[in-house]
Amino acid sequence: MASALSVRQVSKTFATPEGGTVQALIDVSLDVEDGSFTVLLGPSGCGKTTLLRCVAGLETPDCGEILLRGERIDDVPVWKRRVNTVFQSYALFPHMNVAQNVAFGLQMDRLPKDEIQSRTASALAMVRLEELAKRRPSQLSGGQQQRVALARALAKRPEVLLLDEPLSALDLKLRRGMQEELKRLQRETNITFVLVTHDQEEAMAMGDQVAVFDAGRIVQVGAPQEVYSNPRTRFVADFLGEANLLVGQSSSDGITVTGFGRIPAAWITGSVPKSGSCTLAVRPEHVTLDTTGSSNGEVVDVTFVGGDLHVRVRVGEHLLSARVPSDSGLKVSDSVAVSFRAAKAVED
Ligand code: ATP
């Protein structure tokens with residue numbers, strides 16, 4: 001079956017007002033499965049919004065192809081693409097009430113009156129805003145305005161819904177609530193969602209698939225858990241969750257890290273280069289601290305975080321993060337033997 005959306009080797013360069021150029025997208029390819037929730041994740045300026053805008057038809061790629069259900073849409077004008085975008089700013093019409101805002105796009109499409117009414121009503125019900133249909137945007141909270149923007153896009157029944165940092169204007173608590181709401185909407189409508197965010201927790205919580213961007217390129221795509229557990233590069237390991245990064249020299253019996261010592265092959269999951277310089281990524285939950293036996297580290301900080309202890313431990317010149325159960329009884333100045341349950345070799 002064709003993907004709902006396919007991006008093939010798309011590049012985009014912008015001329016900057018300063019007289020230079022920016023490569024916003026470099027040879028980007030991505031497949032988005034029908035009815036899935038894909039998150040484009042990366043730091044500010046890495047090209048996520050540019051990709052979304054290319055798919056929406058608001059930017060023209062320099063090269064490459066964009067396909068919707070197997071058909072090229074590169075030359076299809078914005079208003080004819082069966083994709084809709086929800087912007088960070090919501091972009092609601094201030095002089096129209098909620099229902100009018102939702103109905104507007106349907107009127108532009110010249111749908112029959114009763115169809116407009118029923119689609120507007122069901123979109124408002126989906127986002128639970130029926131009661132507020134007569135209000136103007138200025139009489140709504142940020143979260144409610146966000147729902148109107150969503151209802152407006154959903155009412156159009158797009159094949160793909162593009163969401164550009166839709167939750168970034170909301171406070172943390174509201175954002176978590178809206179994340180669940182968006183997941184629910186995606187499941188209920190079975191519309192393909194593509195959401196841009198720079199918040200890795202948001203990406204992990206929402207995406208069936210996460211595409212990690214680094215400086216104009218997609219560096220890894222996969223299920224959140226898969227990308228978290230098997231980061232391909234140092235950047236991905238560091239950006240998605242927390243990681244201890246150790247640079248060492250590889251040999252047949254493990255990796256030697258200056259100031260730490262030898263990391264035996266048994267501590268490492270996955271493949272390791274046979275020789276040469278190599279970077280290891282170790283998640284804090286994969287660091288083991290043992291107070292019995294011969295020590296190689298010292299606890300320098302202990303914080304209680306969400307049911308666990310977040311421990312900083314010094315080993316030689318390295319300051320490592322570890323997450324251990326709160327009943328481990330560790331305290332500052334304790335001597336510990338530091339070992340790893342799962343260290344992964346990553347590309348630089
Ligand atoms: P953010 O999370 O901050 O929105 P982003 O990952 O979405 O960032 P883009 O908005 O896609 O990043 O921008 C990618 C790069 O392209 C940036 O360096 C940006 O300055 C540049 N850029 C984007 N649009 C233009 C434009 N119209 N003209 C010139 N440069 C642009």
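**Quick notes on unusual backbone geometry**
Point 1. One non-glycine residue, glutamine 9, lies in the positive phi region at around 50°.
Point 2. One can find glutamine 9 in strand β1 (residues 5–15).

**Details of the site of the ligand**
Point 1. The ligand sits among 13 residues. The nearest are Ser44, Gly45, Lys48, Thr49 and Thr50.
Point 2. In this structure, an oxygen atom belonging to the ligand sits 3.0 Å away from a main-chain N or O atom of cysteine 46.
Point 3. Threonine 50 is positioned such that a nitrogen or oxygen atom in its side chain is 2.5 Å from an oxygen atom of the ligand.
Point 4. Coverage of the ligand by the protein amounts to 64% of the 630 Å² it exposes when considered alone.
Point 5. Contributions of two or more residues to the shell around the ligand are made by β1, β2 (21–32) and α1 (48–56).
Point 6. Split into classes, the residues belonging to the shell around the ligand amount to six nonpolar, five polar and two charged.

**Details of the domain arrangement of the protein**
Point 1. Partitioning the protein into domains gives domain 1 (3–234) and domain 2 (242–346).
Point 2. Opposite the seven residues of domain 1 that make contact, domain 2 presents seven residues.
Point 3. Together, the buried faces of domain 1 and domain 2 total about 670 Å²; carbon and sulfur atoms form 51% of this surface.
Point 4. Three residues, Tyr228, Pro231 and Arg234, lead the burial of domain 1 against domain 2; their summed loss comes to 79% of the area buried on that side.
Point 5. On the surface where domain 1 and domain 2 come into contact, there are zero salt bridges.
Point 6. Residues of the side of domain 1 that touches domain 2, tallied by class, amount to two nonpolar, three polar and two charged.

Rules used in this analysis
Residues numbered from 1 in each chain as written. Predicted model: local features only at pLDDT ≥ 70, side-chain atom pairs only at ≥ 80, totals over all residues. Heavy atoms only, no water. Helix = DSSP H or I, 4+ residues; strand = E, 2+ residues; numbered from the N terminus. Near = heavy atom within 4 Å. Polar contact = N/O pair within 3.5 Å; in protein donor to acceptor, adjacent residues only side chain to side chain. Areas by Shrake-Rupley, 256 points an atom, 1.4 Å probe, with all protein chains shown as cover. Nonpolar A, V, L, I, M, F, W, Y, C, P; charged D, E, K, R; others polar. Domains from an automatic or database assignment. Contact = heavy atoms within 4.5 Å. Buried area = accessible area lost by both parts, 1.4 Å probe. Salt bridge = Lys/Arg side-chain N within 4 Å of Asp/Glu carboxyl O.

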